[in-house]
Amino acid sequence: MILPQRIIALRQEKGLTQNELAERLKISRSALSLYELGKRQPDYETLQKIAKYFDVTTDYLLGLTDNPKGYSDEPPSDMELEELLKHSNIKFNGEPLDEEDKQDIIEFLKVAWKTIRKKKRK
């Protein structure tokens, strides 16, 4: 269970007790304790409060990424992009993409990613 570990680690990094964090999030200490023990899951709104307070993404809290900010200067790997294309059901003129089309899209996405990163750094 990653969520409990991440909440505990983030709370301890800030040097907060459960009471202090619960007060700042405007939730009960017992609810926070149950989240940290993995016996209860925060609702969507509370998850967002936790992420906002610690300036991390909900994806990070849930263990979907190991990057607290949710982004990287590195473009997604070919494997990640292939998974995206596989699950996105993209078609061209009503036909599924062939492997060459998929590879062209992967190359395009890599260039687009680098361009976006450069603009965000400026």
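As a starting point, this report considers the structure included with it. Only a predicted model underlies this, so the values are computations on that prediction, with no experimental measurement involved.

A few points about the packing of aromatic side chains
Think of a pair of aromatic rings as described by two things: how far the centres are apart, and how the planes are tilted against each other in angle.
And step 1. In this structure the tally under the stated criterion is one aromatic pair.
And step 2. Ring centres 5.0 Å apart and planes at 85 degrees place the aromatic pair Tyr53 and Phe54 in the edge-to-face group.
And step 3. Lying across the ring of Tyr60, Arg6 places its NZ or CZ 4.0 Å from the centre.
And step 4. The ring of Tyr53 is capped by Lys14, whose NZ or CZ atom sits 5.3 Å from the centre of that ring.

Things to note about the pattern of salt bridges
And step 1. Under the counting rule described, the total for this entry stands at four salt bridges.
And step 2. A salt bridge links Asp55 to Lys69; the shortest N-O distance between them is 2.5 Å. Of this pair, Asp55 sits in the loop between helix H4 (44-54) and helix H5 (58-61) while Lys69 sits in the loop between H5 and helix H6 (78-88); the two residues are 14 residues apart in sequence, bridging distant segments of the chain.
And step 3. Under the relative-accessibility criterion, Asp55 is labelled partly exposed at 49%.
And step 4. The exposure class assigned to Lys69 is partly exposed, which follows from its relative accessible area of 38%.
And step 5. Across the pair Glu99 and Lys102 runs a salt bridge whose closest N-O atoms are separated by 3.7 Å. One end of the pair is Glu99 and the other is Lys102, both in helix H7 (residues 99-121) and three residues apart, which spans about a single turn.
And step 6. By relative accessible area, Lys102 is classed as partly exposed at 23%.

Observations regarding the packing of helix H2 (residues 18-25) against helix H3 (residues 29-37)
And step 1. Two elements in contact, H2 and H3, have axes whose closest approach is 8 Å; the angle formed by their N-to-C orientations is 110 degrees. It follows that H2 is roughly perpendicular to H3 by the angle criterion. Seen along the crossing, H2 lies across H3 with a hand that is right-handed. On H3, the residues touching Gln18, Asn19, Leu21 and Ala22 of H2 are Arg29, Leu32, Ser33 and Glu36.

Section: the nonpolar core
And step 1. By size, the foremost hydrophobic cluster in this structure holds 18 residues, and its most contacted members are Leu32, Val56 and Leu61.
And step 2. Looking at this core, the elements with two or more residues in it are helix H1 (2-13), H2, H3, H4 and H5.
And step 3. Looking at this core element by element, the count peaks at four residues for H4.
And step 4. When near neighbours in sequence (up to four residues on either side) are disregarded, Leu61 contacts Ile2, Leu3, Arg6, Leu10, Leu47, Ile50, Ala51 and Val56.

With respect to a negative patch on the surface
And step 1. A cluster of acidic side chains, namely Asp98, Glu100, Asp101, Asp104 and Glu107, defines a negative patch on the protein surface.
And step 2. Among the secondary structure elements, Asp104 is positioned in helix H7.

Topic: the environment of Trp113
And step 1. As for its placement among the helices and strands, Trp113 is situated in helix H7.
And step 2. Each C-alpha atom, one on Trp113 and one on Gln5, is 31 Å from the other, the two residues being 108 residues apart in sequence.

Section: the environment of Arg24
And step 1. Looking at the element boundaries, Arg24 is found in helix H2.
And step 2. C-alpha separation for the pair Arg24 and Tyr35, spaced 11 residues apart in sequence, amounts to 15 Å.
And step 3. Here Arg24 is in contact with Leu16 and Tyr53, once residues within four sequence places are set aside.

Criteria and cut-off values
Residue positions within a chain follow its written sequence, with the count starting from 1. In view of the model being predicted, local features appear only for residues whose pLDDT reaches at least 70, and side-chain atom pairs are presented and counted only at 80 or more, with totals across whole chains, interfaces and linings using the full set of residues. Think of the side-chain values as coming from all heavy atoms in the structure, minus any hydrogens and water. Working definition: a ring pair exists when centres of Phe, Tyr or Trp rings (six-membered ring for Trp) sit within 6.5 Å. Plane angles under 30 degrees give stacked, over 60 give edge-to-face, the rest tilted. A ring is scored as having a charge over it whenever the NZ atom of a lysine or the CZ atom of an arginine sits within 6 Å of its centre and within 35 degrees of its normal. Salt bridge, as used here, is a side-chain nitrogen of Lys or Arg placed within 4 Å of a carboxyl oxygen of Asp or Glu. Note on conventions: DSSP H or I runs of at least 4 residues are helices, E runs of at least 2 residues are strands, and numbering of each starts at the N terminus. Under the scheme applied here, a residue whose accessible area is under 20% of the maximum for its type counts as buried, over 50% as exposed, and between as partly exposed, the area being computed with a 1.4 Å probe on protein chains only. To obtain an axis, a line is fitted to C-alpha atoms, over the contacting stretch when the element is a helix, and the angle between two such axes runs from 0 to 180 degrees between their N-to-C directions. These descriptions rest on fixed angle ranges, namely under 35 degrees for roughly parallel, over 145 for roughly antiparallel, 65 to 115 for roughly perpendicular, and the rest for oblique. By convention, the crossing between two helices is left-handed when the near helix turns anticlockwise from the far helix through less than a right angle, and right-handed when the turn is clockwise. Note on contacts: a residue pair is in contact if any heavy atoms of the two residues lie within 4.5 Å. Nonpolar cores are built from buried Ala, Val, Leu, Ile, Met, Phe, Trp, Tyr and Cys residues. Side-chain atoms within 4.5 Å join them into one set. Surface patches are drawn from residues lacking salt bridges whose relative accessible area is over 30%; two like charges belong together within 9 Å, two nonpolar side chains (Val, Leu, Ile, Met, Phe, Trp, Tyr) within 5 Å. Here, Shrake-Rupley sampling with a 1.4 Å probe gives the accessible areas, and only protein chains in the shown set may cover a residue. His residues and chain termini do not enter the charge count, which takes Lys and Arg as positive and Asp and Glu as negative. By convention, the charge on Lys lies at NZ, on Arg at CZ, on Asp at CG and on Glu at CD.

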